[in-house]
Structure formats: C-alpha cells, structure tokens
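A look at the structure
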Amino acid sequence: MTEPVRDVDQGRRKLLTLLAGAGAGAAVFGRALAALAEGAPKVTAEMVKQAEWVSGVSFSDAERALMLDDLNESASEIGALRSLPIDNAVPPAFTFSPLVAPPQEAPPAPPTAARRERPAVRPVSDEELAFTGVKELGRMLRAGKVSSTELTKLSLARLAKYDPVLSCAVTVTSELALAQAKRADEELAAGRDRGPLHGIPWGAKDLVAVPGYRTTWGSVTFREQTRPETATVYRKLEEAGAVLVAKTAVGELAWGDVWFGGTTKNPWKVDQGSSGSSAGSASATAAGLVAFAIGTETWGSIVSPCTRCGVTGLRPTFGRVSRHGVMALAWTMDKVGPIARSAEDCALVFSAIEGKDPLDPCSVDGPFAWPPRRSLKELTIGFVPELFEEERGKDAKTEEEKAREAEWRQIDRRSLDVLRQLGARLVPLKLPTRTPVAPLSLILTAEAATAFDALVLDGRVKTMVRQTADAWPNVFRHGRLIPAVDYVRAQRARTLLMREMEERLAGVDLFVAPTFGGSSLLLTNLTGHPAVVVPNGFRLSDGTPTSLTFTGRLQGESDLLAVADLFQRATDFHTRRPRLPEGPAAKG
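Before going into details, it helps to say that this report is about the structure given with it. (Residues numbered from 1 in each chain as written. Predicted model: local features only at pLDDT ≥ 70, side-chain atom pairs only at ≥ 80, totals over all residues. Heavy atoms only, no water.)

Pairing between side chains becomes possible if they bear opposite charge and their charged atoms approach one another. Applying the stated criterion to the full structure yields 35 salt bridges. Of the charged contacts, one joins Arg64 and Asp61 as a salt bridge, the two residues approaching to 2.7 Å between their closest N and O atoms. A residue pair is termed a helical-turn pair when its members lie 3 or 4 positions apart in one helix, as Arg64 and Asp61 do in helix H3 (residues 61–83) at 3 residues. Exposure remark for Arg64: the relative accessible area of 7% places this residue in the buried category. A salt bridge links Arg194 to Glu187; the nearest nitrogen and oxygen atoms lie 2.7 Å apart. Classification of Arg194 as partly exposed rests on a relative accessible area of 24%. Because the salt bridges share partners, they merge into one network encompassing Lys135, Glu344, Asp565 and Arg569. (Salt bridge = Lys/Arg side-chain N within 4 Å of Asp/Glu carboxyl O. Helix = DSSP H or I, 4+ residues; strand = E, 2+ residues; numbered from the N terminus. Buried < 20%, exposed > 50% of the residue type's maximum accessible area, 1.4 Å probe, protein only.)

What follows deals with the pairing of strand S10 (residues 335–340). Counting buried residues along S10, 6 of its 6 residues qualify, which places the element largely inside the surrounding structure. One ladder, built from 5 bridges, connects strand S8 (residues 292–297) with S10; its direction is antiparallel. For Ile294, the partnering residue across the bridge sits in S10 and is Pro338. Taken together, the 2 bridges between strand S9 (residues 312–315) and S10 define a ladder with antiparallel strand orientation. Paired with Thr312 across the strands is Ala340, a residue of S10. (Pairing = 2+ DSSP bridges.)

So, on to the pairing of strand S15 (residues 545–552). Here S15 lies mainly inside the structure; 8 of its 8 residues are buried. Residues Pro545, Ser547, Thr549 and Thr551 point to one face of S15 and Thr546, Leu548, Phe550 and Gly552 to the other, with burial holding for every one of them. By the bridge criterion, 5 bridges tie strand S13 (residues 510–514) to S15 in an arrangement that is antiparallel. Residue pairing for S15: Ala513 is matched across the bridge by Thr549. Where strand S14 (residues 531–538) and S15 come together, 7 bridges link them in antiparallel fashion. Its bridge partner being in S15, Val533 is matched across the sheet by Thr549. Hairpin connection from S14 to S15: 6 residues lie between these consecutive antiparallel strands, with Gly543 at a positive phi of about 75 degrees.

As a further point, take the packing of helix H13 (residues 442–451) against helix H16 (residues 484–504). In contact at an axis separation of 9 Å, H13 and H16 are set at 130 degrees when each is read in the N-to-C sense. Accordingly, the angle class assigned to the pair H13 and H16 is oblique. Relative to H16, H13 is oriented so that their crossing is left-handed. Here Leu442, Ile443, Ala446 and Glu447 of H13 lie close against H16, whose contacting residues are Asp486, Tyr487, Ala490, Gln491 and Arg494. (Axes fitted to C-alpha atoms, helices over the stretch in contact; angles between N-to-C directions. Parallel < 35°, antiparallel > 145°, perpendicular 65-115°, else oblique. Left-handed = near helix turned anticlockwise from the far one by under 90°. Contact = heavy atoms within 4.5 Å.)

All right, on to helix H6 (residues 148–166) then. Approximately 35 degrees is the largest bend angle found in H6, and it occurs at Ala160, with the proline Pro164 only one to four residues beyond. When H6 is considered as a whole, its buried residues turn out to be Ser148, Leu151, Thr152, Leu154, Ser155, Leu156, Arg158, Leu159, Tyr162, Asp163, Val165 and Leu166. Residue Ser167 follows H6 closely and has a positive phi angle near 50 degrees. (Bend = angle between axes of the 7 residues up to and from the residue.)

Look at the link from Gly276 to Ser277: it is a cis peptide, with omega at 10 degrees. Looking at where Ser277 falls in the secondary structure, it is placed in the loop between strand S7 (269–273) and helix H9 (279–286). Between Trp370 and the following residue, Pro371, the backbone shows a cis peptide bond with an omega angle of 5 degrees. Within the fold, Pro371 resides in the loop between helix H11 (343–353) and strand S11 (380–383). Despite not being glycine, Ser167 shows a phi value in the positive range, around 50 degrees. The phi dihedral of Leu253 falls on the positive side, at around 55 degrees, and the residue is not glycine. Assignment of secondary structure puts Leu253 in the loop between strand S3 (243–248) and strand S4 (258–259).

Take Asn266: it is sitting in strand S6 (residues 265–266). We classify Asn266 as buried; its relative accessible area is 0%. Side-chain polar atoms of Asn266 contact the backbone oxygen of Arg308, separated by 3.1 Å. Residues within four places of Asn266 in sequence aside, it is in contact with Gln272, Gly273, Ser274, Arg308, Cys309 and Thr544. (Polar contact = N/O pair within 3.5 Å; in protein donor to acceptor, adjacent residues only side chain to side chain.)

Here we come to the environment of Asp412. One can find Asp412 in helix H12 (residues 399–421). For Asp412, a relative accessible area of 3% corresponds to the buried category.

On to the nonpolar core. If you look at the biggest cluster of nonpolar residues, it comprises 133 residues, and the most contacted ones within it are Leu237, Leu253, Phe292, Phe476 and Phe550. It is H11 that provides the largest number of residues to this core, a total of 7 residues. In contact with Leu237, not counting residues within four places along its chain, are Leu197, Trp202, Ala242, Phe292, Ile294, Val349, Ala352 and Ile353. (Core = buried A, V, L, I, M, F, W, Y, C linked by side-chain atoms within 4.5 Å.)

So far we have only geometry, and geometry alone does not tell us how the molecule works.
Shown next as structure tokens:
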C-alpha cells in the first residue's frame with residue numbers, strides 16, 4: 001500500500017460477508033462454503049442467487065458479481081471463528097460494556113505548585129490567532145484581549161475563504177454562532193464563566209443532531225434531513241458556552257472523506273483527501289477554521305483523519321461520551337470524541353462532554369482529572385517492539401515505496417527516543433494472540449447493515465455516491481446475509497479478546513504503538529480502550545504528517561492525555577501549520 005491509513009474508509013475488502021440461511025437456497029450456499037474451505041470451486045453468482053430469498057431482497061447480476069471477491073476471501077475467516085473453542089460459560093458481549101471494573105476515584109492532586117502561566121497576549125496577526133489553542137484563547141477571552149464575537153467572525157471568514165478548497169463544512173451555522181458568541185461576551189463581561197470552552201468556536205461532525213439545522217450524515221439520501229432530538233454532546237458544549245460555527249463534513253454514512261458535496265481535502269496537501277470519516281472535523285481543525293471539533297470513531301474514523309491532517313484526536317473509552325443524538329453505525333463500537341490541535345485541548349473538551357447520560361444506556365461515569373495528577377515517573381508505558389520494526393507496506397513494489405516505509409519506521413523509533421529522554425519507563429508488551437482479531441470485523445459489518453437495512457430493502461442504497469466493492473452499498477447488501485449465530489459467536493469471541501487484553505495490560509498504565517501497526521486499531525476499537533493520536537513527524541517526500549498512538553487502560557483518559565501532553569511539550573509537530581490556498585468564492 002502507498003498510505004498506512006486503515007480506518008472505516010479503507011481495508012473494506014477484508015470485512016467478513018458471511019452468507020447463510022435456511023431452506024434449499026441456504027443449503028446450497030452452506031455446501032458451497034464447506035467445499036470452498038476444502039479447496040473446491042469458488043462461490044459463484046448462481047450460489048448467491050440461490051441463497052438470496054432468505055435475505056428478503058433480490059440483487060442484480062452486477063451486484064452479485066461485485067460481492068464475489070469478498071465472499072471468497074471470507075471463507076477461511078469463517079473457519080477461524082467456527083473452530084475457535086469457546087466454553088458454554090462465555091457470554092456474548094451484548095448491552096456492550098468493555099468489561100470495566102467499577103470506576104475508581106482519581107488520585108488526589110500532588111502537593112506541587114500549579115504551572116506558572118505567562119500573561120495573556122493577543123497574537124500580532126489574525127492568522128496566528130486562528131491557530132491559537134483552546135486554553136490560550138480562553139485566557140485571552142478572560143483578560144479582555146479578544147472577544148468571542150471576534151473569534152467567531154474570524155472562524156466564519158476563514159470558512160468562507162478556505163472551505164471552497166477543502167470542502168470541510170456541510171452547513172455553516174452563522175446565525176447561531178453569532179448569537180452564541182454575543183451571549184458568551186455578555187456573560188463573561190458580567191462575571192459568569194462557564195469554563196475553559198466559554199466563547200470558543202467549534203465544529204460538529206454532521207452526524208450530530210443540532211436543533212434547527214440539517215443533519216445530513218454526509219449522504220445524498222439524507223441531505224435535507226433534520227433530526228427531532230438534540231445530541232447530548234451538542235447540549236453539553238452549548239452549556240459549556242462553546243460557539244458552534246459549522247456542521248463539518250462526514251464521509252457518507254461515516255465511511256471515508258467522500259460525501260454528497262465532494263471530497264474533503266487534507267490542508268497539508270489539497271490534492272489528497274483528508275481520510276475519514278471525521279473528515280471535515282480534522283480538516284477544519286488543521287486549517288485553523290475552528291479551535292476544536294467533535295468526531296466519531298467506529299474503526300479509525302478519528303485516528304485516521306487526525307493522522308492525515310496532522311491534528312490530535314481522542315477516542316475515549318467506549319461509553320465515556322454519550323452517543324444520544326449521534327448517528328448510529330455500530331451500537332457496540334461507536335464512540336464520540338474531540339479533535340483539536342493538542343492533547344491539552346482534547347482534555348479540556350473531554351472534561352466538558354464525558355459522563356453518564358440516561359439517554360444512552362451504554363454511557364458511563366468514570367474518573368478524570370485535568371491538570372493531570374500523576375507524573376511521568378509514576379507511570380509504566382508499554383510498547384510493542386515488533387510493531388516498530390514492522391513493514392506496514394508489505395506489498396510495496398517500488399524503491400520509492402520501500403524508502404517511505406523505512407522513513408515511517410525511523411520517525412516512529414525517534415518518538416520512542418523522545419519518551420525515553422523524558423524519563424518514561426518503557427517496557428515491552430505483547431498484544432493478544434489467542435483470539436483472532438480480523439474475523440471480528442463482521443460485528444461492524446452486521447451492525448452497520450442492520451442500522452441501514454431500510455436502504456437496501458427500498459433500493460435507496462443505489463443513490464449513494466460510491467458504488468464500489470469498498471463502499472457501503474456493497475457492504476450493506478452482503479452484511480444483511482450474515483447468520484445471527486455467527487454474529488453472536490463473534491461477540492462471544494470478543495469477550496475472550498477483551499479478557500486477554502486486560503491480561504496483557506495488567507503491568508502497564510498505557511502503551512504506545514505506530515498508529516497503523518498490526519491489528520492494533522481494530523483490536524482496541526473492539527475492546528473499547530481509549531486512544532490519543534498525535535502528530536510525530538512529517539514525510540520528506542511530500543511534507544504530509546505522520547502520527548503515533550497512545551492507548552490507555554479502560555477509563556484511563558487522565559494518564560493517557562497526560563503522556564500525550566508531555567510528548568507534545570517536548571516536540572513541536574502539533575504547532576506547525578499548513579500553507580493554505582484560497583478558494584475562488586464563499587459557499588452560499
């Protein structure tokens with residue numbers, strides 16, 4: 001491969017498409033899979049046709065042909081799941097919880113002096129102001145060096161200037177933003193301080209329901225949709241005094257960077273997509289159009305665009321942030337988290353949005369303290385040695401591709417050196433091996449196909465922008481034919497995976513790994529562990545960012561963000577900013 005980016009917008013041809021059913025058609029198909037496992041002829045379009053009746057839909061010849069590669073690739077992974085020994089006492093991971101223990105209180109603050117802050121000073125240019133972090137903007141607001149209305153007008157002006165190039169906003173919420181900014185200025189002037197986000201402009205991934213505005217999910221099918229509910233994450237940020245300036249672009253139905261308005265671009269290389277599916281949130285943050293944004297992740301949709309765009313993203317522990325009012329893709333995997341230009345900014349946003357919500361039955365309370373209450377010397381950080389030596393582009397054929405691989409490995413190893421120089425206690429760590437990870441991707445396939453089953457049944461799936469093997473229409477169609485028995489079996493295997501993960505992490509507080517090394521991205525999304533992705537370098541070939549990922553213990557966001565913050569205080573990758581071309585005109 002030419003890019004080490006694996007998320008919900010890449011690698012789909014490896015997702016399982018387990019087809020089966022009951023009756024004559026299913027019997028034919030079941031025999032075909034058994035024969036395939038023994039090296040007999042491959043699954044054919046006729047076999048698929050014979051099994052279709054159990055799904056309640058009919059496919060065209062072209063659609064059947066599109067499915068065949070995926071069906072044949074899935075055969076060995078079906079065998080891996082069915083041969084896995086699972087005792088009768090192993091439950092399925094329903095009403096999903098990542099096996100967290102009762103939350104512990106955060107440790108008491110150490111008796112040390114607070115960090116000494118320099119006086120708030122407004123930058124000399126609006127360009128520098130646009131890239132100022134959340135914490136510093138808050139200090140300027142409270143010192144009267146800038147107003148929320150000024151910051152908001154700056155964000156709106158930059159959206160008008162750069163969105164025609166980046167295609168990162170679905171809806172600019174100008175009227176709402178100016179009203180919220182006016183209120184923030186009045187409240188701050190009256191001495192009412194709602195916290196560190198008060199008066200700060202932000203963007204909401206367009207999966208988040210906001211009253212009075214479209215929530216399009218990036219889809220042709222839903223481009224005029226307004227939702228009746230108010231997303232809890234929006235409500236909490238509104239209560240914190242943050243100012244919503246835009247609904248940011250999302251790859252259609254949370255896959256990739258392609259939506260009905262085009263392809264969202266990487267500010268560092270505008271002929272390249274920003275990756276996804278939190279495409280607009282990462283792009284707008286990297287370009288200084290918003291101070292922070294909200295993203296969602298199921299399988300890399302915060303991690304991947306943050307990597308591509310060179311910003312910092314937090315994927316919280318499953319359940320730490322309510323998903324009420326946010327489009328459901330996979331109920332046991334979806335997570336909501338902040339995207340910002342630093343780990344500290346992510347921490348400030350997370351503190352405002354985390355916590356149990358009665359409207360989301362999977363949401364939980366947990367400990368969180370910021371500023372952090374533990375020093376680096378108190379923490380043990382695991383690292384996976386083989387992932388820092390792994391050739392992620394094993395299919396690379398050219399000398400240029402091999403050189404890029406060597407460059408990435410060198411950047412990753414230099415990041416370990418930074419941690420050692422900071423005094424970090426690094427210990428080798430092995431990731432789970434007893435339970436296969438790749439076959440469990442069928443959980444996402446089945447849940448996503450269920451979430452959007454109506455599109456297949458009524459034919460609207462044909463109107464979606466991308467109609468390839470690596471796109472939702474194909475996945476929704478073949479996902480509908482996954483047997484319930486195999487889905488439940490995969491959830492039970494997931495329980496084993498979570499148990500083994502807890503065993504492996506028993507001696508560490510968090511671990512560090514190359515962002516797309518091995519199966520760690522899918523693994524940790526399945527087990528529900530939190531992760532912070534931070535920029536850790538730039539490629540010499542094209543100047544685009546690279547990233548490193550810190551993964552924490554369940555509900556370990558405090559320690560996780562603390563280490564990421566220390567890494568960023570020792571480096572400057574997160575402070576660099578792209579040179580942006582201007583668009584021809586503002587969008588209407």
